[in-house]
Amino acid sequence: MKVVAIMGSSRKNLNTHNLLEMFLNKYNLKEEEINIFNLKDLDYKYCLSCYGCERTSKCILRDDLTDIYPLLEEADIIVFATPIYYNSVSALSKAFIDRMQVYWTRKFRLSLDPPKEKYGVALIDGGAFEQKDQFLGSELVFDHFFKSLSCKKHTIIEVSNTDDCPIDENNLMLKEMFDGMELDLNKSSFYRLSGGKIQNGIE
Ligand SMILES: Cc1cc2nc3c(=O)[nH]c(=O)nc-3n(C[C@H](O)[C@H](O)[C@H](O)COP(=O)(O)O)c2cc1C
């Protein structure tokens, strides 16, 4: 199985990075054919809205994403971890996701074959204990991301309260949530740890 994992926090070895590690380790994904990208280490431009992809069916920018596009297209699973910034994904993550516009264009504007069907995973963490619509902005971003990349089924894992209860081995509620987690690539699922409560749902 081919896996692409994307870490969208500028801080290594902290919440988002740890959440991604927990997920990859739980499902032994590091034993698969995996490429892990720390977005902070990559040199890539934000989408310029040049519509080069509409003219050529490819992103015409040349940077570190040029070699990552084929890996995304060939992947069976894409795992994307991001912290919440201002009710949305981090700027690093958003700039990366906007560059997926090439797939949106191919699919919905040029009616070309979509990328092969794959499974999407979004890992989202926020500092606040519990806030109305804390995850909504990020969920909407990932909704378009998943559609663009043909992730028909997906899992979304959300963790709040990292300010007071960081994502590490001492976070017992998070451990409990992970212990009860199931990854079925034929089903979409949802897990949230927020306000001291665990919620989940499987489609
Ligand atoms: C610029 C900025 C904006 C943030 N906005 C939010 C927010 O809207 N909601 C929230 O719950 N946490 C917010 N946070 C907190 C982070 O989401 C939280 O600390 C996260 O776990 C950090 O992940 P990291 O340790 O991987 O950097 C914000 C943090 C920063 C730096």
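What you see is a predicted model; the values in this text were computed from it and never measured.

Caption draft 1: Summary view of the packing of aromatic side chains. The tally for this structure, following the rule as stated, stands at 10 aromatic pairs. With a centroid separation of 6.0 Å and an interplanar angle of 55°, the aromatic rings of Phe145 and Phe146 are classed as tilted. A single burial state applies to Phe145 and to Phe146, both of which are buried.

Caption draft 2: Examining the confidence of the model for the protein more closely. Counting all residues, the mean pLDDT for the protein is 96, and 100% of those residues have values of 70 or more. Here the prediction assigns the complex a pTM of 0.98, and the interface score ipTM is 0.99.

Caption draft 3: Highlighting the site of the ligand. Taken together, 17 residues lie near the ligand, and Arg11, Thr16, Ile84, Asp125 and Thr162 sit nearest. Here an oxygen atom of the ligand and a side-chain polar atom of Asn15 are 2.9 Å apart. At 2.9 Å from an oxygen atom of the ligand is found a main-chain nitrogen or oxygen belonging to Asn87. Listed by contribution, the elements that provide at least two residues to the shell around the ligand are helix 1 (15-26) and strand 3 (77-85). It is strand 3 that contributes the most residues to the shell around the ligand, 3 residues altogether.

Conventions we followed
Residues numbered from 1 in each chain as written. Predicted model: local features only at pLDDT ≥ 70, side-chain atom pairs only at ≥ 80, totals over all residues. Heavy atoms only, no water. Phe/Tyr/Trp six-rings, centres within 6.5 Å; stacked < 30°, edge-to-face > 60°. Buried < 20%, exposed > 50% of the residue type's maximum accessible area, 1.4 Å probe, protein only. pLDDT = per-residue confidence, 0-100. Near = heavy atom within 4 Å. Polar contact = N/O pair within 3.5 Å; in protein donor to acceptor, adjacent residues only side chain to side chain. Helix = DSSP H or I, 4+ residues; strand = E, 2+ residues; numbered from the N terminus.

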